[in-house]
Protein chains: 2
Amino acid sequence: MLSRKIAVEMTPPYDQDTTDASARLLSALPRELEPVQLDLSALRQLPAACRVGEWTVTATLSWTPSCYHVVALAPGRGDCRVYGIAIDLGSTTVCGQLVDLETGDVVCQASVYNHQIAFGEDILTRVFACKDQLQKLEEIRRATVSSIGQVMDALRERSGYAVETCGAMTVAGNTTMVHFLLGLDAFCVFAAPYAPWVTQPEPMPARSLGIDMAGYVYLYPCRANYLGGDIVSGIVATGMMEREKICVFLDIGTNGELVVGNRDFLLAGAGAAGPALEGGVVKTGMRAVDGAVSYVKLQDDRFALTVIGGGTPKGLCGSGIVDLIAQLRLNGKIDLLGKFRREASLVKEIHGELGIAYAPGLYFVQSDVDEFLRTKAAANTMVEYMMDQIGMTMDDVDRFYVAGAFGAYLDRESAVTIGLYPDIPREKLCSAGNTSLEGARMLLCRREIWLALPGILKTMEYIQFGEVANFVDRMTAASAIPHTDMGRYPSVRRRLLERGVP
Amino acid sequence: MLSRKIAVEMTPPYDQDTTDASARLLSALPRELEPVQLDLSALRQLPAACRVGEWTVTATLSWTPSCYHVVALAPGRGDCRVYGIAIDLGSTTVCGQLVDLETGDVVCQASVYNHQIAFGEDILTRVFACKDQLQKLEEIRRATVSSIGQVMDALRERSGYAVETCGAMTVAGNTTMVHFLLGLDAFCVFAAPYAPWVTQPEPMPARSLGIDMAGYVYLYPCRANYLGGDIVSGIVATGMMEREKICVFLDIGTNGELVVGNRDFLLAGAGAAGPALEGGVVKTGMRAVDGAVSYVKLQDDRFALTVIGGGTPKGLCGSGIVDLIAQLRLNGKIDLLGKFRREASLVKEIHGELGIAYAPGLYFVQSDVDEFLRTKAAANTMVEYMMDQIGMTMDDVDRFYVAGAFGAYLDRESAVTIGLYPDIPREKLCSAGNTSLEGARMLLCRREIWLALPGILKTMEYIQFGEVANFVDRMTAASAIPHTDMGRYPSVRRRLLERGVP
């Protein structure tokens, strides 16, 4: 556990022993915690705690590799259950969990939009907004901190727990988010030679970051500019770095990141795979919020839609897009290369291009399919390229983890049908959910993870896909639905044959 | 040295090595400094320093027992001379020195009145003012910090050096001053069982204390409520804890503190010896400022006075009082027990008691002598008692250090005459000046001192004089001028005999 809470009974000072209260406190703590340091914030609480608690106090401790720090003191024998906060610092959404460190249980959860959005919807706009602008950078830093603060407020409200007394907060975020939280210019993340200012910050007092919490903040380290703490956290969440068998970890968020490996090796890469999958580049695409179509079934030329929150459909979220394309393909509305078949029923011309109305007034057209397939192909090619690198095929893969909100809602079968996921036994396809948050939660409970992180980073080999020679050729092949090499997708070929779709 | 300044040339990142800048910085530092941690304040300066300095930066480091901290970064190959600030945090005066850490030289010096005085002239008033008053306590804390800030401003002005860039500040102050600087209630210092809240605070970032300086602050530890960091610093300044021969260290300030010992033992005690010696309880007493009589000679019934700053005498400072009493005794105006001799010339009745006019309109009367002798006796008895404790006499003493502004101006011969100092070879009587400040200066330059402090504290045995059985009897004997046992003062006896004084 990164934090401990311990009730301490001190002998009050008396004439024959006037040892100072700080020394009494430290020597009354369990031996196995040594060395322990009393931080100034806690020292200032010592007089009141001793007086009110009659020399029994409850100490909150934060662990760091060099020592434990007493970070807060409360009077008397308080509740010694230890809670901490896990944060997934996403560029769009900041999610947090209040976690019982002993059991690992999530007490409650909350998420807010990242306040950085005021400086630009996408991350690059934000980076440019504060490049060489110290004032703007400070504003973005504060927006980041206030987002975390809002999550804390929500957690406090939901749990009734004074979350600001927590002794530990773990934060997993990509390299840019880590830079912004620390108040560092993040232009380096996107400009050659892509060397970040920092990748492995030490644990630091929350208050030094402007976060109103007693304990320390532990930032998941980043491996490289595009392989941030969120991915390292995801690796930890899957446990792939400890397994014997090969795992694939695909995180599809605003970007796409991929890690292939096991306890012996970890090959990692990143690419701009995400926006389309989150509904970003599809005309009627939208985030997975109320009104978004999350599930699509097409039978006998009639659409059956599942709309988040019920009500009238307003657009497609990522899982809806994948479903829709899969259904269009299985019903012969689009062909192997993703082109609408003019002769198919329901297909019509819309504003000069072929497409289909999946709901009244809501269209999905050729350029939407094309855009989406480019992204799908990128993700697919990353995986394929990496498997080649290690001389393995999908048959060697024991687990195929898909992380991100996207992966959580996605219909596995549809994802295989369009060739986003490989055609392997479905039990090997794991929707891992928010692995960034999950890794942060795990780190709270097991400080061995923190100590293991430098080793994980060292094991991770970073591949920059932009430099791979035949990447574009591969992508073209992967732009088909599911793939130009149908032999890789036997189950999809079978279903298409069954349905008589060419 | 508690701080280092090192110019670091980094290899800029390039396509084949995109290691983050923080790691580049840390690995470019000399090996012997490891482990080194990059503090957040310095990390935030890293981008600008690398850009402007083209990957050559000058790092300021602060040492702590667990690691070095990089606390500031400046672009380019800067001046690598290291300066630090030594502070004597006195309850009346806050003195500071800007010190060259390599040579130990004092660049300049400054002192200001402690802003705490707004909360009470004497320390007890201040302590009561903020007892159980958190708001007041915070105000006193700020007054303490702003006093140090004012010293820093003066040092900056005098030296032209940007003192806020310093990597180390050492502070020596009594237990109450240490508590106030940390924002802690100091009532414990004066109330049974006299156990402080803290005596050995860890080094901490100056900014965590509200001090505008890049590096760390190192507080001299306190041994007990009345034996503060100023005394421990004084011990270090004299070097007595390393000597083979016995030394006596007497610090006469607002209080009187005494340490007797050598490298094998240190016996320490404290008593309310001070105010009278600083001119506090003498009616025409005053601080050693302009107008104060600092030196008195009486011959043929005529006074020769030295007045600080020249001009008309306004009162007596400590050294003037000692001189005056010595002269009165040597000229037979007062007797062995300190009583004015009604029959002596110049002696007259003033407001109902015997006394003398030492300058036009300035009187020194019987109650002044009595008051002063009580204090003198207390200091003297402390010394005597301690010598008895260790079974030694003044003949065994190799050095008799007298610290404090008082000691610096005091005429040795007069001090022996009135029995404040022992009658030993004069070269053994050392006016040590502001030993609190001197110990702080030395600590800046030698971090071995910091590591040795816990051992010094352990060696120090604390004697509470109030509990000593025959203390009052001893004091009565020591209230004489120089002492009822004239055998202890052969040189004074000789002079009195020469002059025919009974």
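Visitor: Just to check I follow, could you spell out the overall build of chain A for this structure?
Guide: Scanning chain A from N- to C-terminus turns up 15 helices and 22 strands. Against the 2.2 N^0.38 benchmark of 23 Å for 502 residues, chain A shows a C-alpha radius of gyration of 26 Å, consistent with a compact globule. Projected onto its principal axes, the C-alpha positions of chain A cover 100 × 50 × 45 Å. Within chain A, the fraction of its 502 residues that count as buried is 59%. For chain A, contacts bridging at least 24 residues in sequence account for 65% of all contacts bridging at least 6. With 47 positive and 58 negative side-chain charges, chain A shows a separation of 3 Å between the mean positions of the two kinds.

Visitor: Got a minute to help me understand the relation of the copies chain B and chain A in this structure?
Guide: Related by rotation about an axis and a shift along that axis, the two copies of the chain form a pair. Turning chain B through 180° and shifting it by 0.1 Å along the axis lays it on chain A, with an RMSD of 0.2 Å. Here the copies are linked by what is in effect a two-fold axis. Scanning chain B for the C-alpha nearest the rotation axis identifies Ser66 of chain B, at a separation of 3.7 Å. Most of the interface of chain B is mirrored in chain A, where 100% of its interface residues are also at the interface.

Visitor: Mind showing me how you'd approach the interface of chain B and chain A here?
Guide: Note on interface size: it is often stated as the accessible area lost on association of the parts. Residue-level contacts link 35 residues of chain B with 35 residues of chain A. In total, about 2800 Å² of surface goes out of reach between chain B and chain A, with carbon and sulfur atoms giving 63% of it. In terms of surface lost to chain A, no three residues of chain B exceed Arg44, Pro193 and Trp197 of chain B, which account for 23% of the buried area on that side. Viewed at the interface, chain A and chain B are joined by two salt bridges. With its nearest N and O atoms 3.8 Å apart, the salt bridge here joins Arg51 of chain B to Asp132 of chain A.

Visitor: Looking at this structure, I do not really get the packing of aromatic side chains. What am I missing?
Guide: Any aromatic ring pair is given by two values, namely how distant the centres are and how the planes are angled relative to each other. All names here are of chain A. Counted by the stated rule, this structure contains 14 aromatic pairs over all chains. Measuring from centroid to centroid gives 5.6 Å for Phe128 and Phe187, while their planes differ by 70°, and the two rings are edge-to-face. Of this pair, Phe128 sits in helix α3 (residues 123-130) while Phe187 sits in the loop between α5 (175-182) and β9 (204-205), and the two are 59 residues apart along the sequence. You can call Phe187 partly exposed: its relative accessible area is 24%. An aromatic cluster of three or more residues is present, and its members are Phe190, Tyr194 and Tyr226. The ring of Phe187 is capped by Lys131, whose NZ or CZ atom sits 4.6 Å from the centre of that ring.

Visitor: Where do I start with the pattern of salt bridges in this structure?
Guide: Charged atoms that come close allow side chains of opposite charge to pair. Residue and element names in this part refer to chain B. A complete count under the given rule lists 59 salt bridges over all chains for this structure. A salt bridge links Arg341 to Glu343; its shortest N-O distance comes to 3.4 Å. Exposure remark for Arg341: the relative accessible area of 23% places this residue in the partly exposed category. Residue Glu343 is classed as exposed on the basis of its relative accessible area of 61%. Arg446 serves as the salt-bridge partner of Glu448, at 3.6 Å between the closest nitrogen and oxygen.

Visitor: Please clarify how the packing of helix α6 (residues 229-238) of chain A against helix α13 (residues 447-459) of chain A should be interpreted in this entry.
Guide: Two quantities define a packed helix pair, namely the angle between the axes and the distance from one axis to the other. Residues and elements named next belong to chain A. Between α6 and α13, the least distance of the axes is 11 Å, while the angle of their chain directions is 110°. In terms of orientation, α6 lies roughly perpendicular with respect to α13. Classified by chirality, the crossing of α13 by α6 is right-handed. Within the contact between the two elements, α6 uses Val232, Ile235 and Val236 and α13 uses Ile449, Leu453, Ile456 and Leu457.

Visitor: How should helix α1 (residues 21-28) of chain B be read in this particular structure?
Guide: Helical geometry: 3.6 residues make up each α-helical turn, so side chains three or four residues apart lie on a common side. Residue and element names in this part refer to chain B. Buried residues of α1: Ala21, Ser22, Arg24 and Leu25, and no others. Across the axial projection of α1, the buried residues extend over an arc of 160°, all falling on one side. Contact partners of the buried residues in α1: β1 (3-9), β2 (36-38), α2 (40-43), α3 (46-52), β3 (56-63) and β4 (68-75).

Visitor: What am I meant to see in the pairing of strand β20 (residues 397-403) of chain A here?
Guide: Note on strand geometry: in a regular strand, side chains alternate between the two faces of the sheet. Residues and elements named next belong to chain A. Buried residues dominate β20, accounting for six of its seven residues. Direction of pairing for strand β11 (residues 246-252) relative to β20: parallel, over a ladder of six bridges. From the neighbouring strand, Cys247 faces β20, where its bridge partner is Arg399. Pairing of β20 with strand β21 (residues 429-433) involves four bridges; the strand directions are parallel. Each residue of the ladder has a partner; that of Phe400, found in β21, is Leu429.

Visitor: Please explain the nonpolar core as it appears in this structure.
Guide: Burial of nonpolar side chains together is a common tendency in soluble globular proteins. Judged by nonpolar contacts, the single largest core of 115 residues is most densely connected at Val70 and Leu73 of chain A together with Ile85, Met169, Leu182 and Ile211 of chain B. With nine residues, the single largest contributor to this core is helix α5 (residues 134-159) of chain B. Non-local contacts of Ile211 of chain B, meaning those with residues more than four positions away in its chain, are made with Val145, Ile148, Met152, Met169, Leu181, Ala206 and Val217 of chain B. One finds Leu33, Val57, Val71 and Tyr216 of chain B within the second-largest nonpolar core, a separate group that totals 113 residues.

Visitor: Looking at this structure, I do not really get the sheet that holds strand β11 (residues 246-252) of chain B. What am I missing?
Guide: Strand-to-strand pairing in sheets goes through backbone hydrogen bonds, with the strands running parallel or antiparallel. All names here are of chain B. Read from one edge of the open sheet, six strands run β21-β20-β11-β12-β13-β22, paired in mixed fashion. Strands at the two margins of the open sheet, each flanked by one partner only, are β21 (429-433) and β22 (460-464). Pairwise comparison of adjacent strand axes, ignoring direction, gives a mean angle of 20° for this sheet. Packed onto the sheet, helix α15 (residues 447-459) meets β13 (266-271) and β22 and runs at close to 40° relative to β22.

Visitor: Can you help me understand the side chain of Gln116 of chain B in this one?
Guide: Residues and elements named next belong to chain B. Relative to the helices and strands, Gln116 is located in the loop between β7 (106-113) and α4 (123-130). Classification of Gln116 by relative accessible area gives buried; the value is 0%. Engagement of the side chain of Gln116 in a polar contact is seen with the side chain of Arg126, the distance being 2.8 Å. Every residue in contact with Gln116, bar those within four places of it in the chain, is listed here: Arg126, Ile140, Ala143, Thr144, Ser147, Met177 and Phe180.

Visitor: Looking at this structure, I do not really get unusual backbone geometry. What am I missing?
Guide: Across residues other than glycine, the phi torsion is negative in most instances, and most of the peptide bonds are trans. All names here are of chain A. Going from Glu34 to Pro35, the amide bond is cis rather than trans, its omega being -5°. Topologically, Pro35 is positioned in the loop between α1 (21-28) and β2 (36-38). With a phi close to 50°, Asp300 is a non-glycine residue in the positive phi region. With respect to the helices and strands, Asp300 occurs in the loop between β14 (292-299) and β15 (302-307). Classification of Asp300 as exposed rests on a relative accessible area of 66%.

Visitor: Teacher, can you tell me more about the side chain of Arg24 of chain B here?
Guide: All names here are of chain B. Topologically, Arg24 is positioned in helix α1. In this structure Arg24 comes out as buried when scored by relative accessible area, which is 7%. When sequence neighbours within four positions are dropped, the list of residues in contact with Arg24 reads Met10, Thr11, Pro12, Pro13, Tyr14, Asp17, Thr18, Thr19 and Trp55.

Visitor: Please explain the confidence of the model for chain A as it appears in this structure.
Guide: Caution applies to low-pLDDT parts of the model: their predicted coordinates are not meant to be read in detail. Across chain A, the average pLDDT comes to 92, with 96% of residues at or above 70. Two numbers describe this predicted complex: its pTM, 0.90, and its ipTM, 0.89.

Visitor: What is the right way to read the pairing of strand β7 (residues 106-113) of chain A from this model?
Guide: Across seven bridges, the pairing between strand β6 (residues 93-100) of chain A and β7 of chain A is antiparallel. Opposite Leu98 of chain A, over in β7 of chain A, you have Cys108 of chain A as the bridge partner.

Visitor: Looking at this model, I keep getting lost on the sheet that holds strand β18 (residues 353-359) of chain B. Mind explaining?
Guide: Residue and element names in this part refer to chain B. The strand order β17-β18-β19 describes an open sheet built from three strands, whose pairing is antiparallel. What marks the edges here is a single partner per strand, and that holds for β17 (348-350) and β19 (362-365). Strand-to-strand twist of the sheet, defined as the mean angle between neighbouring strand axes without regard to direction, takes the value 60°. Together, β18 and β19 form the strand contacts of helix α10 (residues 318-330), whose direction differs from that of β19 by roughly 65°. Helix-sheet contacts for helix α11 (residues 366-389) involve β18 and β19, and the interaxial angle to β19 is about 60°.

Visitor: In this structure, what is going on with the packing of α6 of chain A against helix α12 (residues 435-445) of chain A? I would like to understand it.
Guide: Residues and elements named next belong to chain A. At a minimum axis distance of 7 Å, the contact between α6 and α12 shows a crossing angle of 70°. Comparing the axis directions of α6 and α12 gives the class roughly perpendicular. Read as a crossing pair, α6 and α12 show a hand that is left-handed. Only Thr435, Ser436, Glu438, Gly439, Ala440 and Met442 of α12 make contact with α6, whose side of the interface consists of Asp230, Ser233, Gly234, Val236 and Ala237.

Criteria and thresholds
- Residues numbered from 1 in each chain as written.
- Chains lettered and ligands numbered in written order.
- Predicted model: local features only at pLDDT ≥ 70, side-chain atom pairs only at ≥ 80, totals over all residues.
- Heavy atoms only, no water.
- Helix = DSSP H or I, 4+ residues; strand = E, 2+ residues; numbered from the N terminus.
- Rg over C-alpha atoms; globule rule 2.2 N^0.38 Å.
- Buried < 20%, exposed > 50% of the residue type's maximum accessible area, 1.4 Å probe, protein only.
- Contact = heavy atoms within 4.5 Å.
- Lys, Arg positive; Asp, Glu negative; His and termini not counted.
- Charge placed at Lys NZ, Arg CZ, Asp CG, Glu CD.
- Least-squares fit on C-alpha atoms with pLDDT ≥ 70 in both.
- Buried area = accessible area lost by both parts, 1.4 Å probe.
- Salt bridge = Lys/Arg side-chain N within 4 Å of Asp/Glu carboxyl O.
- Phe/Tyr/Trp six-rings, centres within 6.5 Å; stacked < 30°, edge-to-face > 60°.
- Lys NZ or Arg CZ within 6 Å of the ring centre and 35° of its normal.
- Axes fitted to C-alpha atoms, helices over the stretch in contact; angles between N-to-C directions.
- Parallel < 35°, antiparallel > 145°, perpendicular 65-115°, else oblique.
- Left-handed = near helix turned anticlockwise from the far one by under 90°.
- Arc of directions from axis to C-beta.
- Pairing = 2+ DSSP bridges.
- Core = buried A, V, L, I, M, F, W, Y, C linked by side-chain atoms within 4.5 Å.
- Polar contact = N/O pair within 3.5 Å; in protein donor to acceptor, adjacent residues only side chain to side chain.
- pLDDT = per-residue confidence, 0-100.

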